[in-house]
Amino acid sequence: MKEIFLNPQLWAATLAMATPLALPALGGTFSERSGVVNIAMEGIMLIAAFFAVVFAHATGSAWLGFLGAIIVGLIVALIFAWAAVSLTANQIILGMAINIFASGITAYLLNTMYGFTGTPTDTPMLPTIDIPGIKNIPFLGQVLSGHSVVVYLMIIILFISDYFLFHTNLGLRLRAVGENPEAAETAGIDVIKLRYLGVALSGILSAMGGAYLSIGALNSFNPDMTSGRGYIALAAMIFGKWTPFGSFGAALLFGFATALSMQLQNTAFSKNIIMMLPYILTILALVGVGGKSVPPAADGVPYTPKK
Amino acid sequence: MKNLLKELYIPVVAVLIAIIVGSIIMLITGFNPITAYISLFIGAFGSVNNIANTLAAAVPLILTGLGVAISFKAGLFNIGAEGQYWIGAIVGVWIGYSFTGLPWYIHIPFALIAAMIAGGLWAGLIPGLAKAYTGANEVITTMMMSYIAIYFSHFLLEFGPMMEKGGTIPQSPVIKESAVIPFLIQNTQLSYGIFIALAAAIFVYWLMFKTTWGFEMRAVGYNQRAARYAGMNVPLNMVLSLGLSGAFAGLAGAVQMLGVQHRLYDSFTSGYGYTAIVVALLANNNPIGVIFAAILFAALGTGSQYMQLNAQVPGQMADVITGLIVFFVAAHRVAEVIKGMFAKKQKKEAEA
Amino acid sequence: SSKTKQESTQPQTTQESKNKDFKVGLVTDVGGINDHSFNQMAYEGLQRAAKELGVTVNVIQSKKMEDYVPNLTNFAQQGYNLIIAVGFMMHDAVEEVSQKFPDTKFLIIDSEVTDRPNVSSAMFKTEQVGYLVGAMAGLMEKEKVGKVKGTNTIGVVGGMQIPPVDSFIAGYQQGAKAVNPDIKIIINYTNNFNDPAAGKQMALTEISQGAEIIFQVAGGTGDGVIKAAQEKNVYAIGVDADQSYLAPDHVLTSAVKRVDVATYDVIKDTLNGNFKSGIVYFDLKNEGVGIGKVNKDVPQSIIDKVNQLAQDIKDGKITVSDKVSK
Amino acid sequence: MSAILEVKNITKVFPKVVANDNVNLTVEKGEIHAILGENGAGKSTLMNIIYGLYKPDSGKLIFDGEELNLSGPHEAIEKGIGMVHQHFMLIPVLTVAENIVLGAEPKGITYDRKKANELIREISQKYHLEIDPEAKVKDLSVGLQQRVEILKAFYRKAKLLILDEPTAMLTPQETEKLFEIMRELVKQGMSIIFISHKLEEVLEISDRVTVMRRGKTVGTLNTKETNEQELANLMVGREVVLRIEKSEYKPGDVVLSVKNLNVVDQQNVPKVKNVSFEIHEGEIFGLAGIDGNGQLELVEAIMGLRPKKSGNILFYGKDVTNFTTRQLYREGISYIPQDRQADGLVLDFTIAENLILREYKDPTYSRYGVIQYKKVYENAEKKVKEFDVRPPEYMLKARGLSGGNQQKVILAREVGYNPKLLIAVQPTRGMDVGAIEYIHKRILELRDKGAAVFLVSLELEEIMSLSDRIGVIYNGQLMDVLDGKTATREQIGMLMAGSRFDKTTLEAR
Ligand SMILES: Nc1ncnc2c1ncn2[C@@H]1O[C@H](COP(=O)(O)OP(=O)(O)OP(=O)(O)O)[C@@H](O)[C@H]1O
Ligand SMILES: Nc1ncnc2c1ncn2[C@@H]1O[C@H](COP(=O)(O)OP(=O)(O)OP(=O)(O)O)[C@@H](O)[C@H]1O
Ligand SMILES: [Mg+2]
Ligand SMILES: [Mg+2]
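Quantities reported herein were computed from a predicted structural model and do not represent experimental measurements.

Draft legend 1. Highlighting the overall build of chain A. Each helix and strand counted, chain A has 15 helices and 2 strands in total. The C-alpha atoms of chain A give a radius of gyration of 20 Å, which matches the 19 Å a tight globule of 307 residues would have. Oriented by its inertia axes, the alpha-carbon framework of chain A measures out at about 60 × 50 × 40 Å. Split into buried and exposed, the 307 residues of chain A put 66% on the buried side. Across chain A, the fraction of contacts at a sequence separation of at least 24, relative to all contacts at a separation of at least 6, is 76%. Of the accessible surface of chain A, which amounts to about 9,600 Å², a share of 71% is contributed by carbon and sulfur atoms. Distance between charge centres in chain A, computed from 13 positive and 12 negative side chains, equals 6 Å.

Draft legend 2. Up close: unusual backbone geometry. Residue and element names in this part refer to chain D. The omega torsion of the bond from Arg390 to Pro391 falls at -5 degrees, within 30 degrees of zero and hence cis. Tracing the sequence through the fold places Pro391 in the loop between helix H13 (373–386) and helix H14 (403–415). Even without glycine at this site, Asn9 takes up a positive phi of about 50 degrees. Examined against the element boundaries, Asn9 turns out to sit in strand S1 (residues 3–13). With a phi angle near 45 degrees, Arg214 is a residue other than glycine that sits in the positive phi range. Assignment of secondary structure puts Arg214 in the loop between strand S9 (208–213) and strand S10 (216–222).

Draft legend 3. Summary view of the interface of chain A and chain D. With 20 residues of chain A at the contact, the number on the chain D side is 30 residues. Surface buried jointly by chain A and chain D totals about 2,100 Å² across both partners, of which 59% is contributed by carbon and sulfur atoms. For the pair chain A and chain D, the interface holds 1 salt bridge. Across the contact surface, chain A and chain D share 10 residue pairs in polar contact (both at pLDDT 80 or more). Element by element, the count of residues in the side of chain A that touches chain D is highest for helix H9 (residues 169–179) of chain A, at 6 residues.

Draft legend 4. Inspection of the nonpolar core at higher detail. Ranked by size, the top nonpolar core spans 269 residues in total, and within it Leu63 of chain B together with Phe154 and Phe194 of chain D carry the most contacts. With 13 residues, helix H3 (residues 48–73) of chain B is the single largest residue contributor to this core. Apart from the residues lying within four places of it in its own chain, the contact partners of Phe194 of chain D are Ile32, His33, Ala34, Ile35, Leu163, Pro166, Thr167, Phe179, Met182, Glu201, Val202 and Ile205 of chain D. Judged by nonpolar contacts, the second largest core, of 99 residues, contains Ala42, Leu72, Tyr131 and Ile187 of chain C.

Draft legend 5. View of the interface of chain B and chain A. Taken together, the contact between chain B and chain A spans 43 residues of the former and 46 residues of the latter. Buried surface at the junction of chain B and chain A, both sides included, amounts to about 3,800 Å², of which 81% is carbon and sulfur. The largest contributions to the chain B side of the interface with chain A come from Ile140, Tyr151 and Phe327 of chain B, which together make up 17% of the buried area. For the pair chain B and chain A, the number of links is 1 salt bridge. As a salt-bridge pair, Lys271 of chain A and Glu158 of chain B come within 2.6 Å of each other at their nearest N and O atoms. One can count 6 residue pairs in polar contact (both at pLDDT 80 or more) joining chain B with chain A.

Draft legend 6. Fine view of the site of ligand 2. All names here are of chain D. Neighbouring residues of ligand 2: Asn39, Gly40, Gln86, Arg340, Gly400, Leu401, Ser402, Gly403, Gly404, Gly430 and Met431. With respect to ligand 2, the backbone of Gly400 contributes an N or O atom lying 2.9 Å from an oxygen atom. In the environment of ligand 2, an oxygen atom lies 3.2 Å from a nitrogen or oxygen atom belonging to the backbone of Gly404. When the free accessible area of ligand 2 is taken as 610 Å², the share hidden by the protein chains comes to 46%. Residue composition of the shell around ligand 2, grouped by class: 2 nonpolar, 8 polar and 1 charged.

Draft legend 7. A look at the coordination of the magnesium ion (ligand 4). All names here are of chain D. Taken together, Ser44 (OG) and Gln86 (OE1) make up the full set of protein donors to the magnesium ion (ligand 4), lying 1.8 to 2.1 Å away. Taken as a pair, the magnesium ion (ligand 4) and the magnesium ion (ligand 3) lie 3.8 Å from each other and share Gln86 as a ligand. You can see Ser44 sitting in helix H1 (residues 43–50) and its partner Gln86 sitting in the loop between strand S6 (81–84) and helix H3 (96–101), a full 42 residues away along the chain. Since its relative accessible area comes to 22%, Ser44 is described here as partly exposed.

Draft legend 8. Structural view of the sheet that holds strand S3 (residues 32–37) of chain D. Residue and element names in this part refer to chain D. The 6 strands lie next to each other as S6-S7-S8-S3-S9-S10, forming an open sheet whose pairing is mixed. Of all the strands in the sheet, the pair left with one neighbour each is S6 and S10. Pairs of neighbouring strands in the sheet enclose a mean axial angle of 20 degrees, with direction left out of account. Strand direction decides the pairing type here: S3 and strand S8 (residues 191–195), joined by 4 bridges, are parallel. Across the sheet, the residue bridging to Ala34 is Phe194, located in S8. Where helix H5 (residues 142–155) meets the sheet, its contacts fall on S6 and strand S7 (160–164), and the angle it forms with S6 comes to roughly 175 degrees. Packed on one face of the sheet, helix H6 (residues 172–187) meets S3, S7 and S8 and runs near 150 degrees to S8.

Draft legend 9. Quick look at the sheet that holds strand S15 (residues 318–319) of chain D. Residues and elements named next belong to chain D. Read across the open sheet, the 4 strands follow the order S12-S11-S14-S15; overall the sheet is antiparallel. Two strands in the sheet have a free side with no partner beyond their single neighbour: strand S12 (270–280) and S15. By the bridge criterion, 2 bridges tie strand S14 (residues 310–315) to S15 in an arrangement that is antiparallel. Across the sheet, the residue bridging to Leu314 is Asp319, located in S15.

Draft legend 10. Seen up close, a nonpolar patch on the surface. All names here are of chain B. Nonpolar side chains collect at one region of the surface, where Ile113, Ile117, Leu121, Leu125, Ile126, Leu129 and Tyr133 lie side by side and expose about 680 Å² of accessible area between them. With respect to the secondary-structure elements, Tyr133 resides in helix H5 (residues 104–134). What makes Tyr133 exposed here is its relative accessible area of 56%.

Draft legend 11. Focus on the pattern of salt bridges. Evaluation of the coordinates by the stated rule reveals 49 salt bridges over all chains. We note a salt bridge from Lys63 of chain C to Asp319 of chain B, for which the minimum N-O separation is 3.3 Å. Here the residue Lys63 of chain C occupies a position in the loop between strand S2 (56–61) and helix H4 (68–77), and Asp319 of chain B occupies one in helix H13 (residues 315–330), the pair thus bridging two chains. Residue Lys63 of chain C is classed as partly exposed on the basis of its relative accessible area of 34%. Classification of Asp319 of chain B as buried rests on a relative accessible area of 14%. Between Arg413 of chain D and Glu414 of chain D there is a salt bridge whose closest N-O contact spans 2.8 Å. According to the relative accessible area criterion, Arg413 of chain D is buried, its value standing at 4%.

Draft legend 12. How the structure looks around the pairing of strand S13 (residues 283–288) of chain D. Residue and element names in this part refer to chain D. The buried fraction of S13 is high, at 6 of 6 residues. Of the two faces of S13, the one carrying Glu283, Phe285 and Leu287 and the one carrying Ile284, Gly286 and Ala288 are both buried. Sheet topology places S13 next to strand S20 (residues 452–456); 5 bridges connect them, and they run parallel. Each bridged residue has a counterpart across the sheet, and for Glu283 the counterpart in S20 is Ala452. Pairing geometry for S13 and strand S21 (residues 469–474), over 4 bridges, is parallel. Within S21, the position partnered with Leu287 by the bridge is Gly471.

Draft legend 13. Local environment of the site of ligand 1. All names here are of chain D. Looking at ligand 1, there are 15 residues lining it, with Gly40, Gly42, Lys43, Ser44 and Thr45 nearest. In this structure, Gly42 approaches ligand 1 through a main-chain N or O atom, which is 2.7 Å from an oxygen atom. Take Thr45: an N or O atom from its side chain is 2.5 Å from an oxygen atom of ligand 1. In isolation ligand 1 offers 630 Å² of accessible surface; the protein chains occlude 67% of this area. Looking at the shell around ligand 1 element by element, the count peaks at 3 residues for H1. Across the shell around ligand 1, the residue classes tally to 5 nonpolar, 7 polar and 3 charged.

Draft legend 14. View of the arrangement of the chains. Looking across the 5 pairs of chains in contact, one finds the most contacts between chains A and B. The two units chain C and chain D are non-contacting; their minimal C-alpha-C-alpha distance is 38 Å.

Draft legend 15. Looking closely at the confidence of the model for chain D. Residue and element names in this part refer to chain D. Summarising the model, chain D shows a mean pLDDT of 89, and 97% of its residues fall at 70 or more. Model confidence for chain D, summarised as mean pLDDT per element, is weakest for helix H18 (residues 503–508) at 42 and strongest for S20 at 97. pLDDT under 50 marks residues 502–509. Its contacts with residues more than four places away, or in other chains, come to 3 contacts. For this predicted complex, the interface confidence score (ipTM) comes to 0.88, while the overall pTM stands at 0.90.

Conventions used here
- Along every chain, residues carry numbers that run from 1 in the direction the sequence is written.
- Throughout, the order in which chains and ligands are written sets their labels, letters from A for the former and numbers from 1 for the latter.
- Only residues with pLDDT of 70 or above have their local features reported here, since the model is predicted, and side-chain atom pairs are shown and tallied only from 80 upward, although totals for entire chains, interfaces and linings are computed over all residues.
- Values shown for side chains rest on all heavy atoms present in the structure; no hydrogens or waters enter the calculation.
- Put simply, DSSP marks the helices as runs of H or I at least four residues long and the strands as runs of E at least two long, and each gets a number from the N terminus on.
- C-alpha atoms define the radius of gyration, and 2.2 Å times the number of residues to the power 0.38 defines the globule rule.
- Remark: exposure states derive from per-residue accessible area (1.4 Å probe, protein chains only) relative to the maximum for the residue type, with buried under 20%, exposed over 50%, and partly exposed in between.
- By the convention used here, residues are in contact when the closest approach between their heavy atoms is within 4.5 Å.
- Per-residue and other accessible areas were derived by the Shrake-Rupley procedure at a 1.4 Å probe size, with only the shown protein chains allowed to occlude residues.
- Charge convention: Lys and Arg are scored as positive, Asp and Glu as negative, and His as well as the terminal groups of each chain are ignored.
- Every charge is mapped to an atom, namely NZ of Lys, CZ of Arg, CG of Asp or CD of Glu.
- Two parts placed together each lose some accessible area under a 1.4 Å probe, and the buried area is that loss summed for both.
- Any Lys or Arg side-chain nitrogen located within 4 Å of an Asp or Glu carboxyl oxygen qualifies as a salt bridge.
- By the criterion applied in these results, polar contacts are pairs of N or O atoms within 3.5 Å in which, for protein atoms, one can donate a hydrogen and the other can accept it, and in which residues neighboring in sequence qualify only through two side-chain atoms.
- For the purposes of this section, nonpolar cores are sets of buried Ala, Val, Leu, Ile, Met, Phe, Trp, Tyr and Cys residues that join through side-chain atoms within 4.5 Å.
- One heavy atom within 4 Å of a molecule or strand makes the whole residue count as near it.
- Throughout, the ten residues Ala, Val, Leu, Ile, Met, Phe, Trp, Tyr, Cys and Pro are labelled nonpolar, Asp, Glu, Lys and Arg are labelled charged, and all others, Gly among them, are labelled polar.
- Distances decide who is a donor: an N, O or S atom must be within 2.8 Å of the metal, or within 3.2 Å for Na, K and Ca. Water is not included, so sites may look incomplete.
- Two strands are said to pair when DSSP picks up at least two bridges between them.
- Only the contacting stretch of a helix is used when fitting its axis, a line to C-alpha atoms as for every element, and angles between N-to-C directions run 0 to 180 degrees.
- Here a patch means residues that are over 30% exposed by relative accessible area and free of salt bridges, tied together within 9 Å if like-charged and within 5 Å if nonpolar (Val, Leu, Ile, Met, Phe, Trp, Tyr).
- Confidence scores per residue from the predictor, reported as pLDDT, run from 0 to 100.

The structure is reproduced here in C-alpha cells:
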C-alpha cells in the first residue's frame, strides 16, 4: 500500500486526469454563476477536441490547433447561449441536443475527412513543460514537472478565474445576474449580455479541456473520447460549490480516485469493484463534508428582461 | 380552429427549421435530404412492424421518463435513472433465471416488483437519505450511483456471480420461459411491456395528481418551505420521491429484460437514463406527456436506423439530425424570431 | 461509394450485373464503425468487396443493443443476400433472425452460432497471435535489447474483460511465460474502448510499475497506450490492425486480426456459391491472424524464434488456450 | 417651483389589464409627493415606467425639462432617477456594499472593496443610515434591507427618489427615522415620490397626494387640505370604516401556555430567552416588537418548526412541546406565516389546492390516500366566495393572484376552519386599507366566537387597535405584558427599544 502512495505516477496521473475535468468545471462555474446551466459542455469538449486536431494538422501548429478549438468551442457556446438566453429555451434539453449533435458530427467528419485509420499521425502535440527548479527534485519533480502545457495553463486559469469572479467588478455583476437577474437589471446591468459572457467563458474553457484530450495528452481524435467528462465536470463544479478552487479540488479528488483505482486494479478485489472507487469516494466526500451546496439562486432559470 | 393553428404554429415551425438545417447539412455532405427524411419517417411509422418497433423503443423511455418526471415534479434532479435502470435489469434478470417452477403470473410480477424495489432503494437509500439529511446534492450522488451500478453489472457478469455457467461470454443465463413477457407482434421487439408502460404512465398521473402522496410530493417540489409550514415531512418526502423515481427506472430495466433482451449483457450504458431526462423535460414532467415525448425519441431512434439502411445516411449523421431536431424543438421560440423577421420585412415593404 | 458507382457505369458484363444484384448488409454493434477494432475492420472488408467484387453493400450502425434484431431483420426483409453481424454481442440476435429468414445468409464475427445452416461464424484464434507477440515481448525482456532495460516486466491494457479481448491476453501470457518463465505481467482493463486519455494514464501507471512493453487490446483507448509508450520511450504492441504507423519507433509489433480479410472472403465465397455454415476459424495457418510490422529494434534472432513458434502453432505442436489465467 | 417630473397621458396595458390608463402626474422640485391607491391600482407600474423598467404603450415623460426616452434603468439612473422597489431588489448572498455599488462600482477592473466600503460608510453617515458595508444582506433584518435599498438610490446621486411602499416593513422608529431623512433630503433639493398604504404617514410626510384608482389618477390634493377619511374614500371609491369597533373583552380558559421557552439558532445564539405567557379564549394577545427580536423564532418554536432548547408549551393544559407541526394543526391551531409567498402558499398550486394545503389528509378531503377533488372544489367554491377572493376562480394558480388576494386565500384556509387558536404573523403586510379592514374584521370575529388569537405584528397601530393584551419582545425577552386598553404608544415604544420603565419615571418626564 505504501509504495502506491510513494509512486509519483499516482500523483502525476491525479493531476493529468483532473485537468480535463477542472477546465470545464471552471467553465461551468462561470456559466452557472451567471444563471445558465450548461450541460452542453460535454459536446463542446468533444467538438473542440476534434477541431483541435483538424487545425493543428492543417496548420502544422499545435498552438493554432488549440486556438482553433477555442474558437469553435466559443461558436458552439454562443449558439447555445442564443437559444438558452435569448430564446429562453430549456437549458438542459438544449445541452443534451448539442451533445447528441456533437457526438454525431465529430464522428462523421472524422470518417469523411480522415477515413478509418484515424486522424493523421503527424498531428502536432502541445508541448510538455519541464519546470527548471522542480524538475530535478526527486519525487516532486516527477509529480509536478513534465506535464502538458495545458495542465499549467489550467492552474493559471484557476487563479485568474477566482480573481475574476470574486475580485473584479465584472465578476460581481456576473454573480449578481445569476443570483437575482431582476435586481441586476434594476441596477442597470445588461443581464443578457452577462449571461452570454458566462456561457462564452464556459465554452472557451470546455474547449480547452477538449483540446487537452486530443492534442495535449495525445495527438489524435477518437469518437466520443471525452467519455462523459463534461458531466463529471458538472458534478465537480457542484461539489466545489460553484467556486473555482472548489471545482478544482473536486476535480483533483476525482482525478486522484481514478489514478488510485488504476494502481489498485491488480489487488485482491475485483477490478470492477476497484473501478467504482472514484464514484464511491465522491459520494463519501460529499456526504462527509456536509454536502449542502446552494446553487446561484437563479441558476437555470431563463430571464426575460422587463421590457 | 384558429387557436389550434396558432398553438401548432410554433412546434411545427420548429421542426421545420430543424429539417431545413438538417437538409442543408446533408446537402453539403452529399446526401439527399428528401430520401433521408422519407426513410426516417418510414422507418419510424411506415409499417405495422416499424410502428411496433418504435413503440417498443418507447417502452423503456416511457418508464425511465416517468421516473425522472416524478423526481423533477418533487423538485429533485434525479439524473441517475441510468443506474437505476441497470439495477432493475439486474434484479429482474436474476429473478427471471434463478427461480424455476413459478407460473408466469407469479414469476413476472415478482421480477418486476423486485426490480422496482431495487431501483427505488438505489435512488432512495443513498442519494435520497444523503439529500434529506446531509443536503448532499442529488445531481452528484445519483450520477455517481449510476456509474457504480454500471460497474456493478460489469462485476456480476465478467466472471462474476451472474455470468452464465460454463460460458466465456460475459452475459447472464437466459431467463426462464415463465418470466418472459411475450411479444405482442411477432418479428418485432414489441412485447406486452407496452401495456405496462402505458399503465405506469396513467398510474403515475393518478398518483401525482389524485392522491395525498402526490399532493405532498408536488408541494415539496414547488415550495419546500410552504410544505414544511403546512406540516409535511419534507425529508421523508424527498427520500420517498427519489425512491419512487428510481422504482420506475428500475421497472424500465426489468421490463426491457423480460420483454426484449431476456438476459443481461455486459455493456457500457443503455442511454435510456439520459434520454429520459430530455423526455421528461419535453413533456413538462407530465406523465401523459411523457408517453408522447418518449415516442418522439423512439421514432427518431428507429427512424434513424432505417435512414442508414435506405438513404445510406451514416449513423453519425443520424445523430446530427436528431440533435438538431431536439435543439429546435427546445428552442421553439425561434419560430417567433422568424415571424418577427417576416413582419419587419413586410412592414418595410409596406412603407416603401 | 460514389467512386464504385462510376466504375460500374462502365460497359457491364452479366457477371458484373449479377454481382451488383448481390447485396451485402453489415450491422455493427454499438461500438460503431469508428471503433478502431472489429467493426471498423469488417467495414473495411466490406468496402473492399464493393470495390473489387462490385457487390452492393450497405451499413447500419446500431445505437443500442435493442437495435440488433430490427436492423438484421430490416436487411433480411429487403432481400439482402448476406448479412454480416459484427461482434459477439449480436449472438442472440443472429440466432433469432436467422431462424426467421432461412433463405438469407448470415455471417457473425467473433461468436459461435453452430446450429443454423444459413449462419457462418468467423472465429479468430487471436490467442495464437497473442502468444507470438507475448513471446516476442518475453524474449526482448530476456535479452534486454532495444529500449528494454531489464525489469522483466510487461503489461497489458485491455478494454473490457470480454472474450475477444481476453483471448489475445491469454495468448500473450502463455507466450511470454513460455520463453521467459520469470516474467511479470501486469494486466489492467480500462472498461472502456473510447477513452485514450485514460488508456494513456493506465499505461503510464504500468510503466511506473516497471512495464517496458505494453500490449494494448482496447480499441480507441489503446491509442493512448501507444502515446504513453512513445513518451516514456518504451514499447507498445498494437492490436487488430497493423498499428506500427502510429509510432514506428515505439510499436514493437501488432497482433493483427484480419476481420477485414474474413469479411471479404466470406462475401466472395458466398457470392460464388461457396457459403459455408458453421464455424470458420481464422488462425495463423490461413493468415486470419498474424504478426504485423516488427520494430527495427527487434534482433533477427528473436524474429526467427517467434517465426519458429508460429510454425509450431501451425503444426499443432503448441496449442494455445484462450483463457486468461490469474 | 418648477416641475422635476411630468407624466403625460401614460398608458400601459398588460395582457389582462390596463395598469395605467392615461395617467397624468406632476412632481415639483423639492416636494414629497405621495401616491395612494388600492392594491393593484397601478402605482408600481407607473413607477417602473418612470424608472425605465417598463416601456409605456403611449404617453411621455418629461424629466428636468427634457423628454425621457428610456431604454432601460441604467439611463434613468444616469439622468438622476432613483427607485426603492416595493419588492426588494437585493442579492442576499452579496454584501451590503456590493449590493449598493452594483452596476456603478468604483472605477477600475478590480472590485475596490475598500473604496466601496468607504463610500458606503460616508453616505450612510451623511444620511444617518448606519450600516455595516461588509455584512451579507441575507443576514440583515427587513428594516436594514430597506436601508440598503435607500442607500442604493443615494449612492447613485438621485435627483428624484421613488420610494415604493418603503414603510411597509419598518418599525415605527424606523419609519420616523426615514421621515427625518426624507425631510433632510428635500431640504437639499431632492424630490421624492412616496407610496404608502398608511394614510397617517402620507398625511404626516407629504406635500401633495395623488390618488389612483384602477389605473387612473382620480385627483391630486394638497396634504394640508385633506384628511384620512377623505383620502380613504377617494382611494376605495366608497365609505371606509377606519376605526375598529371591538366588542367587550371576555376572556375564558387558558388556551395556550408558554413556559420558560428558550430557543437558540443554528449557531447556538439565544434568540428566545425564557419567555412565558398565556393566551385565553376570546382574547387577542398582541406581540409587539422591532423586527428581528425573536418573534419569528418564538412562533416557529411554538409551531414545531424549530427546535426548542428548553421550556414547555401547553395547549388546553396538554403538553404539546414535542408535537410536530401537523399534530399541532390537528389540535386546532391555525397559523398565518409572515411571508405569504414563501411560507404560506404553493404558488404553482391552484387556489383550491392551497385551500387544503394542511387538510388534504383529512377524511373530508381524502379517502384511502385518494384526494376527493369534488369535495376539494366544493370547499374552494365556498371559501372563495366567503372570503371574497378575487377573481373567484379557484382553479387559478395562486401565483396569478395579487398579494392581497393571496393573503385572503391563506386567511380562508386558516380562519375558515374555526381554529381554537390562531397564530397570525403580520397578517396585513402591504395590504391596502380596504383589505386591512376586512382581515381585521375576520380576526375579531374569531375572537368573538371564543377562539384565542396570537397576533404578531410590527405595526404598532395594528397591535394597539386589535389586542386585548399586549406583550412586548425585545432581544428575545418578553419585556412586559400590558393591558390593551390602557397601553400607550410611548409605553410600548420604550419597551420595544429595550428600556424597562416604571410609571413614575414616565410621569416624571
Ligand atoms: N408584469 C405584469 N404583467 C401583467 N399584469 C401586471 C404586471 N404587473 C402589474 N400588472 C397589473 O397591473 C395592475 C397594476 O399593478 P401595480 O403593481 O402597478 O399595482 P399597485 O398599485 O402597485 O398595487 P400595490 O398597492 O398592491 O402595490 C395590477 O392590477 C396587475 O393586474
Ligand atoms: N409577471 C407577471 N405576469 C402576469 N401577471 C402578473 C405578473 N406579475 C404580477 N402580475 C399580476 O399583477 C397583479 C398584482 O401583482 P403584484 O405581485 O404586484 O401584487 P400586488 O397587487 O402588488 O400585491 P399586494 O396587494 O400584496 O401589494 C396580480 O394580479 C398578478 O396577476
Ligand atoms: Mg403590492
Ligand atoms: Mg405596488
